Amino acid sequence: MDNMLNLDRIPKELKLILELLKEGNEQYLQKHSQVLCRDIDWNLFIKLTLHHRVYPLINFKIKMLDGEIVPTHVVQFLHQQYKRNTFQMLRLSAEMEQVSRLFSKQQIPTLFLKGPVLAQDLYGDISLRTSSDLDFLIPIQHLEKAEKLLLNLGYEKDDYIQTVLNDWQWRHHHVTYIHSNKEMKLEIHWRLHPGPGKEPSFDELWKRKTRSSITSYPVYLLGTEDLFQFLVSHGARHGWSRLRWLIDIQQIMKKKIDWARLYILFKAYHNPYVGGQAIILASHLLNMRVEEEMKPLLISRRPKELAQEAVFYLETMVNLHDDSVPAYVSRYHSRHLFSLMSAQQKIFFIISFLYPYPEDAETLPLPTKLHFLYFPLRPFLWAWRKSRKDVLRRGAE
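### A short note on the nonpolar core
Part 1 of the reasoning: Within the largest apolar cluster, 104 residues are counted, with the highest numbers of intra-cluster contacts made by Phe45, Phe228 and Ile249.
Part 2 of the reasoning: If we skip the residues at most four places from it in the chain, Ile249 touches Phe228, Leu231, Val232, Trp240, Ala278 and Ala282.
Part 3 of the reasoning: Formed by five residues, the second largest nonpolar core is a distinct cluster that contains Phe312, Val318, Val329 and Tyr332.

Here it is in structure tokens:
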């Protein structure tokens, strides 16, 4: 299989990071330390380890290089960040157990998606993966009860979601709660991903769940195949713009996976080409071995094309959550997201534009009982907003 990618525009500092993260690369690193570290901008190297959230792993991997080559301040900085992250993950672990106990007593089934459970499951050590918050999935009918429990614990809801005709239930997928005293953030998910799109039901995911070994009290996460699909879809949706998400794929590919079942899940709920994209990226960038049973996800050139598109996000430090994302990045990302969709997903996505948006209610406020009128009015309201934007743009020019 030809999975060679064009990496010419990736900065040499990131190429060094990739060499450090590659599977089974120890001898190569020891032998070629001088060449790999020639003319490295170590300040940029540090910034990239922070941006890609890989500094815990790099803290250990960098010791494989010639000790006289890497500046002392780089080694010290990485170690300090590693210790800081370890304390953060311990704090998250304690909070996760508290939430799990509380929700279990109130009969709210909970699946933790990332955070310490993912670090323990994939890396075997919570200190080797970073996390800034706790993400967990619950059935949508328990959202109100869960919110009351968190408010009683001192959390405040970050109520940023605007909605009309209950579109929040499928257009969005989580809500955020912040505890200012603890400096802790929780995200309650009722969907794995933002809509529109098909997903396994919570009951299906719960039946296939895995118990984490991180705490003595039962804490659950997604089953291996569901977790692989979740991580792939999440990473692809963000353009693999942080290497941490691709390292997760590297780690989960080491686990025993039922690839036949996984392929069925991709066919049912996502585009199998996206699974192939992740495998090619992990293979080419991180030296992961492509096994024969993975081949059904690589049956055409499309996965390689999608993988090459994702290299764009590694050429600069793209932060898609930044409010000031450059216009050219936003345009590229919109096109890339559409290219990731299956034919069915593209149909759902296009049809979703016909469903009213909160902006329609802002443009023409109507009483709640008349919100159904936004369906026939939507094309006219959209045209009105667009014409106003064009007028304002021309005025500014």
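On we go from here.
### A word on the packing of helix H11 (residues 224-237) against helix H12 (residues 243-252)
Part 1 of the reasoning: Interhelical geometry of H11 versus H12 gives an angle of 155 degrees and a closest axis separation of 9 Å. In this view, H11 runs roughly antiparallel relative to H12, as classed from their interaxial angle. With respect to the hand of their crossing, H11 and H12 are arranged in left-handed fashion. Contacts from Thr224, Leu227, Phe228, Leu231, Val232, His234 and Gly235 in H11 reach Trp245, Asp248, Ile249 and Ile252 in H12.
Part 2 of the reasoning: Of the residues assigned to the contact of H11 with H12, the class counts are seven nonpolar, three polar and one charged.

### Thoughts on the pairing of strand S4 (residues 174-179)
Part 1 of the reasoning: Most of S4 is tucked away, with five of its six residues classed as buried.
Part 2 of the reasoning: Sheet topology places S4 next to strand S5 (residues 184-189); six bridges connect them, and they run antiparallel. Within S5, the position partnered with His174 by the bridge is His189.
Part 3 of the reasoning: As consecutive antiparallel partners, S4 and S5 are separated by four residues, and within that stretch Glu183 has a phi angle of approximately 55 degrees, a positive value.

### Quick word on the pairing of S5
Part 1 of the reasoning: The buried count for S5 comes to five of six residues, which makes it a mostly enclosed element.
Part 2 of the reasoning: Note: strand S2 (residues 134-137) against S5, four bridges, orientation parallel. Directly across from Leu134, in S5, lies its bridge partner Leu186.

Rules behind the numbers
- Residues numbered from 1 in each chain as written.
- Predicted model: local features only at pLDDT ≥ 70, side-chain atom pairs only at ≥ 80, totals over all residues.
- Heavy atoms only, no water.
- Core = buried A, V, L, I, M, F, W, Y, C linked by side-chain atoms within 4.5 Å.
- Buried < 20%, exposed > 50% of the residue type's maximum accessible area, 1.4 Å probe, protein only.
- Contact = heavy atoms within 4.5 Å.
- Axes fitted to C-alpha atoms, helices over the stretch in contact; angles between N-to-C directions.
- Helix = DSSP H or I, 4+ residues; strand = E, 2+ residues; numbered from the N terminus.
- Parallel < 35°, antiparallel > 145°, perpendicular 65-115°, else oblique.
- Left-handed = near helix turned anticlockwise from the far one by under 90°.
- Nonpolar A, V, L, I, M, F, W, Y, C, P; charged D, E, K, R; others polar.
- Pairing = 2+ DSSP bridges.

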